[in-house]
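Residues per chain, in single letters:
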Amino acid sequence: MGLITLSHLIITLQVVINTVHGAPSDIQLDAKAQSTHRLDSLNLLSYTLLLILTVLTIWLFKHRRLSFVHETGLAVIYGLIVGAIIRYSGATSQVINMQVFVDETKYNSSLPPDTLSLYMPKPNPSRNLTFQYVFRNEIDDVKENEIDLKATFDPEIFFNIILPPIIFHAGYSLKRKYFFRNLGAILTYAIIGTTVSSFIVGILMYGCVQLMPIRLATSFTFLDTLYFGALISSTDPLTIIAIFNDLNVDVNLYALVFGESVLNDAVAIVLSGSIQHYGKRYQLGTGGFEIKAFFQAVGDFCGIFMLSLLIGAAMGCITALMTKYTRVRDFPLLESALFVLMSYSTFLIAEASDLTGVVSVLFCGICQAHYTYNNLSEDSRIRTKQIFELLNFLAENFIFSYIGVSMFTFPKHHFETWFIIAGFICAAIGRAANVYPLSFLLNLGRHPKIPLNFQHMLFFAGLRGAMSFALAIRNTRSEARQAMLTTTSLIVIITVIIQGGASMNLLKWLKIPVGSDEETEALSQNGGHSVYNSMERGSAGNSTPRSDCNEPFGAPQRPTQNEKALLARVWGSLDSKYMKPLLTHSRPTLLETLPVCCTPLARFLTTTEQLTQPINAISGHQV
């Protein structure tokens, strides 16, 4: 009996061995999949360790009160070190490459195919295997290291995953009182200034390129340099604003720097898209400057910006209505999940509509903080604010780490010394053209004036960051775009490390006042959900704003209604009479503000919670 069982076991083992031998590709594919998984894990582990190291170093710097380099600069430096290790570690995991030649004459070779069907002969059966490969990017060196490719993220990850929480947090945490008080100056710097800066940089870079060697001059078109001007005019407020928060810098300077930096990100991405749209129409024309295409591009800019803004505001208002007229706040976890998903869907709706998700999610964040926040339960208020603060911190530091890593691992860098030098000089000139002439024009009709030391700080605060890099890395097919990416990466690295590290010393050198009292943002302790529960108010509505201790640009008097921008005053009246009573539980109610003929509608839209609000909640919230 034992011999029979042993013979059966031997026969079974022979069958298994023959089967395995007959399909060696399965074993090899399993090994390849395991190796790919290991490399993916190693890649993610590298970035995770980078962030851990950054967090620990930030703690050490804060504990020891060191200020010569900021957290974003540390993230870039650590990224450079890790990128160099990955690039020169001598790893032998090579990419397997097979040369495939096109034999279809009908194929237009000016564009790569979306997919590629590869026919592979099977060892034993008569039929062939067919594999389909998806286009990723163009390669220059077929012997690229696989870990280098794994360390290179898809640019779409930046736009669809990493950027939305950063931009939303910018709008959600915006101190709207000071933002609206300086709205005219902020819009001037962000819209007019960014546009002027983009064209000045584009024109100067095109002139510089024409003076360079003929090979470089012929690879750049005017639209290329104009696109470079648009992306390099986007500034990143993370480093400067973090320092401003630590030192409690004047809230109006804070509002100017933060508001202009956030909005010019949105303007830069819309402007770069308009330039690309112009390029499409330009190629269909006579080859010269086309007035019609130019005005169509201007129309694209205005239309895309406004439609994106409306989508963001509408989604913020819809979320406010959902949280006001439902009892989802009885389940804080579901309420927080709904808040996050509605906010993220705003970005995706705009992108799917061929608009700009950055603009939409920014204004969605502003509306969510202004309206929806007041309807949330206490748990959801704390949770949403902390979630987006954490996501913003991790995403920003991840991007700066990746910028450092990509200097060594990204395969599409193209170093052109003269273009890099010209890029630094023209970027500085464009920033100066944004700040100083517009400040002069603003001061003609502005009271109080923007002093010269504040203008110098605005100029110095023009660090380049995540948005510039993301726009540059999105398309690196041509030699010109590769040179633009390399130059942008270097500008980001240098400005973040040097300018960010020197900001605290510059504040002292410019004699900019610091040490203003922080504005309290504690949550309300009472159960009412009036508009006083805004993220900008204190727990009892009587916190001392920072501006009370340090008025705009050093003016000692308390700000009056007339110090607000005209647009802010008009919107504030509309907001307090109609928008807040409709979207929040604030007083006065629509029964008190709408005409008598609308009483049935007003009664339908007024909640019991509004009617039971304390009478001292009537005055509303100042923007």
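Residues numbered from 1 in each chain as written. Predicted model: local features only at pLDDT ≥ 70, side-chain atom pairs only at ≥ 80, totals over all residues. Heavy atoms only, no water.

Looking up the chain in an unreviewed UniProt entry gives the name Sodium/hydrogen exchanger, with the organism given as Dendroctonus ponderosae. The Sequence similarities (unreviewed entry) comment attached to the chain in UniProt states, word for word, "Belongs to the monovalent cation:proton antiporter 1 (CPA1) transporter (TC 2.A.36) family." (UniProt positions renumbered as here; feature names shortened; annotations may be inferred.)

(A) Structural context of the overall build of the chain. The number of helices and strands found in the chain is 24 helices and 2 strands. Across the chain, every contact between residues at least 6 apart in sequence was considered, and the portion connecting residues at least 24 apart equals 79%. Accessible surface for the chain amounts to roughly 30300 Å². Of this, 66% is attributable to carbon and sulfur atoms. (Helix = DSSP H or I, 4+ residues; strand = E, 2+ residues; numbered from the N terminus. Contact = heavy atoms within 4.5 Å. Areas by Shrake-Rupley, 256 points an atom, 1.4 Å probe, with all protein chains shown as cover.)

(B) Inspection of the packing of aromatic side chains at higher detail. By the definition in use, this model includes 16 aromatic pairs. With 6.1 Å between their ring centres and 80° between their planes, Phe168 and Phe339 make a pair best called edge-to-face. Residue Phe168 is located in helix α5 (residues 155-172), and its partner Phe339 is located in helix α13 (residues 332-352); the two are separated by 171 residues in the primary sequence. The same class applies to Phe168 as to Phe339, namely buried. Clustering of aromatic rings is evident, with ring pairs tying together Phe168, Tyr172, Phe339, Tyr373 and Phe388. Positioned over the ring face of Tyr373 is Arg381, at 5.2 Å from the centre of the ring. If you follow Arg481 out to its NZ or CZ, it ends over the ring of Tyr227, 4.3 Å from the centre. (Phe/Tyr/Trp six-rings, centres within 6.5 Å; stacked < 30°, edge-to-face > 60°. Buried < 20%, exposed > 50% of the residue type's maximum accessible area, 1.4 Å probe, protein only. Lys NZ or Arg CZ within 6 Å of the ring centre and 35° of its normal.)

(C) How the structure looks around the pattern of salt bridges. Summed over all chains, the structure comprises 6 salt bridges. Between Asp575 and Lys580 there is a salt bridge, with the nearest N and O atoms lying 3.4 Å from each other. Its relative accessible area of 0% is what places Asp575 among the buried residues. (Salt bridge = Lys/Arg side-chain N within 4 Å of Asp/Glu carboxyl O.)

(D) Spotlight on the side chain of Glu416. Position of Glu416 relative to the elements: it lies in the loop between α15 (378-409) and α16 (417-445). Leave out the neighbours within four places in its chain, and Glu416 touches Arg215, Leu216 and Ala483.

(E) Representation of helix α7 (residues 183-210) within the structure. If you check α7, its first and last C-alpha atoms are 40 Å apart, about what 28 residues at 1.5 Å a residue would give, namely 40 Å. Considering bend angle alone, the principal kink of α7 is centred on Gly193 and spans about 35°. (Expected span 1.5 Å × (residues − 1). Bend = angle between axes of the 7 residues up to and from the residue.)

(F) Region of the structure containing the environment of Met315. For Met315, the location among the structural elements is in helix α12 (residues 291-325). With a relative accessible area of 12%, Met315 lands in the buried category. Sequence-wise, Met315 and Cys364 are 49 residues apart; in three dimensions their C-alpha atoms are separated by 6.4 Å. Not counting the four nearest positions on each side in its chain, Met315 is found in contact with Met342, Ser345, Thr346 and Ile349.

(G) Unusual backbone geometry, seen in detail. Pro588 follows Arg587 through a cis peptide bond whose omega is 0°. Here Pro588 is to be found in the loop between α21 (566-583) and α22 (590-593). The phi dihedral of Lys511 is positive, around 55°, even though this residue is not glycine. The topology assignment puts Lys511 in the loop between α19 (479-509) and α20 (546-549). Residue Lys511 is classed as exposed on the basis of its relative accessible area of 71%.

(H) A look at the packing of α15 against α19. Running from N to C, α15 and α19 cross one another at 125°; their axes reach a closest spacing of 10 Å. The orientation of α15 relative to α19 falls into the category oblique. Remark: the crossing between α15 and α19 carries left-handed chirality. In this structure, α15 uses Phe400, Ile403 and Met407 to contact α19, whose residues at the interface are Ser489, Leu490, Val492, Ile493 and Val496. (Axes fitted to C-alpha atoms, helices over the stretch in contact; angles between N-to-C directions. Parallel < 35°, antiparallel > 145°, perpendicular 65-115°, else oblique. Left-handed = near helix turned anticlockwise from the far one by under 90°.)

(I) The arrangement of the confidence of the model for the chain in detail. Predicted confidence across the chain gives a mean pLDDT of 75, with 70% of residues reaching 70 or more. Mean pLDDT across the elements of the chain ranges from a minimum in α20, with 36, to a maximum in α13, with 92. Predicted confidence is poor over residues 537-562, with pLDDT under 50, and the contacts of this stretch with residues over four places away or in other chains come to 64 contacts. (pLDDT = per-residue confidence, 0-100.)

(J) Focus on the environment of Ala266. Residue position: Ala266 is located in helix α11 (residues 251-283). Not counting residues up to four positions away in its chain, the partners in contact with Ala266 are Phe305, Val358 and Val359.

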